[in-house]
Amino acid sequence: MKLKITLINRKHNIFWFIILFAFLQSCNITKYLEEDEYLLNNYTIDVDSKVISKEEYKNYVKQKPNKRIFGWKFYLSVYNLSGKTKDNGFNRWLKRIGEAPVIYDPDLTDHTTQQLELLLYNKGYFNAEVSDITIINNKKAKVQYTIKCMAPYTIHNIDYFFEDGKLGRFVMNDSVPALLKVGDQFDVDVLQQERVRIETILRNNGYFNFTDDFIYYEIDSSLKNSQVDVLLGIRNFPIKDASGQVMQTRHSVYTVRNVYIKTDYDILGKSMDKEKAESLKDTLLYDGVYVISNVDSNIRPGVVTQKNYIAPGGIYNAKRVQRTYRNLTALSAYRLVDIKFSEVDSETNQLDCEIKMLPATKQAFTGGIEGTNSAGNIGFAGNINYQHRNLFGGSEKFDITFKGAIETLRESEVPDFGTMQEVGVEMRVNVPKFLLPFKTEQFIRRFNPQTNVDLAFNYQKRPDYTRSTFRSGFGYKWKGNGFLTHTVYPFETSLIYTPYVSDDFADWLEGTYLYYSYQPHFITNQRYSLVFNNQKVNKSSDFQYLRFSVESAGILMYGLYSMLGSTDNDAAIQLFGVEYAQYFKSDIEFRHYDYLDEGISLVYRTFIGAAIPYHNSTAIPFEKQYFAGGANSIRAWRVKNLGPGSFYSEDVSEYPNQTADLKLEANVEYRFKLFWKLEAAFFLDVGNIWSLSSDDDREGAQFNIKSFYKEFAVGTGFGTRFDFNFFIFRFDVGVPLVDPVYPEGERWLPGNTGVYWDDLTFNIAIGYPF
């Protein structure tokens, strides 16, 4: 059995040409070096302690070798393709997308040794020893750094000295979360973190002009037994007297005198002359705050004041200022918010707060054409959107979108299976508060919630069936502490109606478990989701993403029918001739993004989800079931062509509707930038779906706790991605390695049936898979 791999097609694709030739060039990556030059090939750091991570040591290395992709200096190999003799446009392009050789520099090695010594000293290793040795072989240099940490210094005693005794009361009263503790290892980073913590405490208690520059440390390391005494002191505030001499005085506690919120700042201050602008001002004292707006302003004063945390008469609090800024910038009616404080005079220690709010464009029409990717089915979609950012004068955002789409269906192995055509309309009203029958002002200020009201209609036409969906929902969304976002929909309804099913597809469904999933049904559900995301905007640093959701359908309908006494018989209960669905569903997804180097990252993903029908439902509605395969799942299989379990049927290739109640999936993707806008990735996908219902008549589809792990499908592959900033075009080639449809012992394809060209799955998609 042979697997034919073609790297260069008939069109001599330049991408594969560069890859192949660069690989050949990598055999001699030092051939363009001068006689006295050596390529920095690698470096190692040997440490006798694991207290400090190797990653932290690497941040202090001043000269690092050329980047590698799976051990191959690809970028250097591309650079070397340019040669040294010809200076033409193509060679300059190769140099630009490649990476010049890193020439070993002994001065940078010495500098690295000094920086490592400084790092260790700052971490409490005052007697640490750092040495380096360079090994030269075949024009390549390898630097070995050896670190002997010795015993770290610990904190023996902590003393405080406050020139202003009032500051001491704030600091010492909040000493429980202090970062400096007796017995801990000495660490300069912890000292700085403690300075920031104390600054935060004081600025949240009225000390407007206080910064961490007033905090200093004195360290006494003359003690025995590798210990230090730490003195933390806070200086007074410097001022100049009438003669110009600098005097030290106590830090002042500031109170807020007045708060001015200018809700139409651009209109009042920039769009017209000053005299005319003054005539249009309307000042209103609302909730103790002066709201200055245009006389015909459409925003209600209470909308902005209920988002405000800065109270007149109260002491200055930096945390409240940050919350106010967060709340006001979330209002859709405004595109810019600026908060400034000014001292009233030098005697009263009072501040006036001015909040300038620049209104956003009130109404807008947008439209466009975009590529679509629904589980690997590629197509095009067009939409026209109307948006009003202040519908009722309370910064309510109203959206209505008309859309249409057409997608090629790659689910089936039948040639020219057809296309999916879709039209729909979606409406949403977003209100920047909780719509509840009781007061929620404090909750609004703290968590910045919003209420969503949704209404949508969608019509979808496929070769095997047509489907109409009506959906409405009422829910809440708010930011929790830190990186959390909560979404609750206490009421959501959907009516799914299938007016047409082809005769062949109806015959295929008849008598099967899936038959119930395609029947018209009515869904009333409640759902909750929690999202944790600690990604830093515009920063390529490691982060995690976690999403948990839970959904329940049919509880309200069942309760209503129970009160009416209509749940006694065994027949399914209907509403207007349509059965309502009853099920419980929950899933969790976790991702970890690990940035290994510039342009190189490793991404992990796991997904677990399950849905269980009960009472009025025999099966989960098909739009709520799980499937595997496709561009965003296990890419070595077409969408809905994998599982459940080890199930296999000859008819599956014609109507690929392999869905089920349980899904387990894990993915690993190694991403790296090639050149220009081109990126690439190697990936490994593992997972499958299973049925949890005993009524499912598909052989091998049932989940068995003792043997499910034997039915995991495994696929690998390679992909390219074109990053055009506003969208990413992706092409992945999936190769099946383990196929659960084969008998046990024969599922490892390379060692049994083999992998053929026809077994490869080509996925075209928009955006990253995760």
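Up top is the structure.
What you are looking at is a predicted structure, and each value in this text was computed from that prediction instead of being measured.

Calculation notes
- Per chain, residue numbering runs from 1 following the sequence as it is written.
- The model is predicted, so local features are restricted to residues of pLDDT at least 70 and side-chain atom pairs to those at 80 or more, both for listing and for counting; the totals for chains, interfaces and linings are taken over all residues.
- For the side-chain quantities, the full set of heavy atoms in the structure was used; hydrogens and water were omitted.
- Put simply, DSSP H or I for four residues or longer makes a helix, DSSP E for two residues or longer makes a strand, and each gets a number counted from the N terminus.
- Only protein chains enter the accessibility calculation, which uses a 1.4 Å probe; a residue is then buried when its area is under 20% of its type maximum, exposed when over 50%, and partly exposed in between.
- Contacts were defined at the residue level, with two residues in contact if any of their heavy atoms lie within 4.5 Å.
- Here the accessible surface of atoms and residues is derived via Shrake-Rupley with a 1.4 Å probe, and residues count as covered only by protein chains that are part of the display.
- Criterion used throughout: strands pair if DSSP finds at least two bridges between them.
- For helices, the fitted line uses only the C-alpha atoms of the stretch in contact; every axis is such a line through C-alpha atoms, and the angle between N-to-C directions lies from 0 to 180 degrees.
- Identification of polar contacts relies on pairs of N or O atoms within 3.5 Å, with a donor-acceptor requirement for protein atoms, meaning one able to donate a hydrogen and the other able to accept it, and with residues adjacent in sequence counted only if both atoms are side-chain atoms.
- Each patch groups residues whose relative accessible area exceeds 30% and which form no salt bridge, using 9 Å between like charges and 5 Å between nonpolar side chains of Val, Leu, Ile, Met, Phe, Trp and Tyr.
- Here a salt bridge means any side-chain nitrogen of Lys or Arg lying within 4 Å of a carboxyl oxygen belonging to Asp or Glu.
- The charge count includes Lys and Arg as positive and Asp and Glu as negative, but it does not include His or the ends of the chains.
- A single reference atom marks each charge: NZ on Lys, CZ on Arg, CG on Asp, CD on Glu.

A.B. asks: Outline the overall build of the protein chain, listing residues and values.
C.D. replies: When its secondary structure is counted, the protein chain shows 14 helices and 33 strands. Taken over 770 residues, the protein chain has a buried fraction of 45%. Long-range contacts, defined as pairs at least 24 residues apart, comprise 65% of the intrachain contacts of the protein chain with a sequence gap of at least 6. For the protein chain, the accessible surface area stands at approximately 40,000 Å², while carbon and sulfur atoms represent 54% of it.

A.B. asks: Could you give an account of the sheet that holds strand β4 (residues 154–162), with specific residues and numbers?
C.D. replies: Judged by pairing direction, the sheet is mixed, and its three strands sit side by side in the order β4-β6-β5 without closing on themselves. Edge strands, defined here as strands with exactly one partner in the open sheet, are β4 and β5 (215–220). When the angles between neighbouring strand axes are averaged without regard to direction, this sheet yields 20°. Sheet topology places β4 next to strand β6 (residues 227–234); eight bridges connect them, and they run parallel.

A.B. asks: Break down the pairing of strand β13 (residues 350–359) for me, citing the residues and quoting the values.
C.D. replies: Burial analysis of β13 places seven of its 10 residues in the buried class, the great majority of the element. Across seven bridges, the pairing between strand β9 (residues 255–262) and β13 is parallel. Bridging from a neighbouring strand, Asn258 pairs with Asp352 of β13. Pairing analysis gives nine bridges linking strand β12 (residues 334–343) to β13, with the strands arranged antiparallel. Considered in β13, the bridge of Phe341 is made with Cys353. Hairpin connection from β12 to β13: six residues lie between these consecutive antiparallel strands, with Asn349 at a positive phi of about 55°.

A.B. asks: Residue-level account of the side chain of Thr493, with values.
C.D. replies: Among the secondary structure elements, Thr493 is positioned in strand β20 (residues 484–501). For Thr493, the side chain forms a polar contact with the side chain of Ser472, separated by 2.5 Å. Non-local contacts of Thr493, meaning those with residues more than four positions away in its chain, are made with Phe470, Arg471, Ser472, Phe522, Ile523 and Thr524.

A.B. asks: Explain a negative patch on the surface to me, using residue names and the numbers behind them.
C.D. replies: Residues Asp503, Asp504, Asp507 and Glu510 make up a contiguous surface patch of negative charge. Topologically, Asp503 is positioned in helix α13 (residues 503–509).

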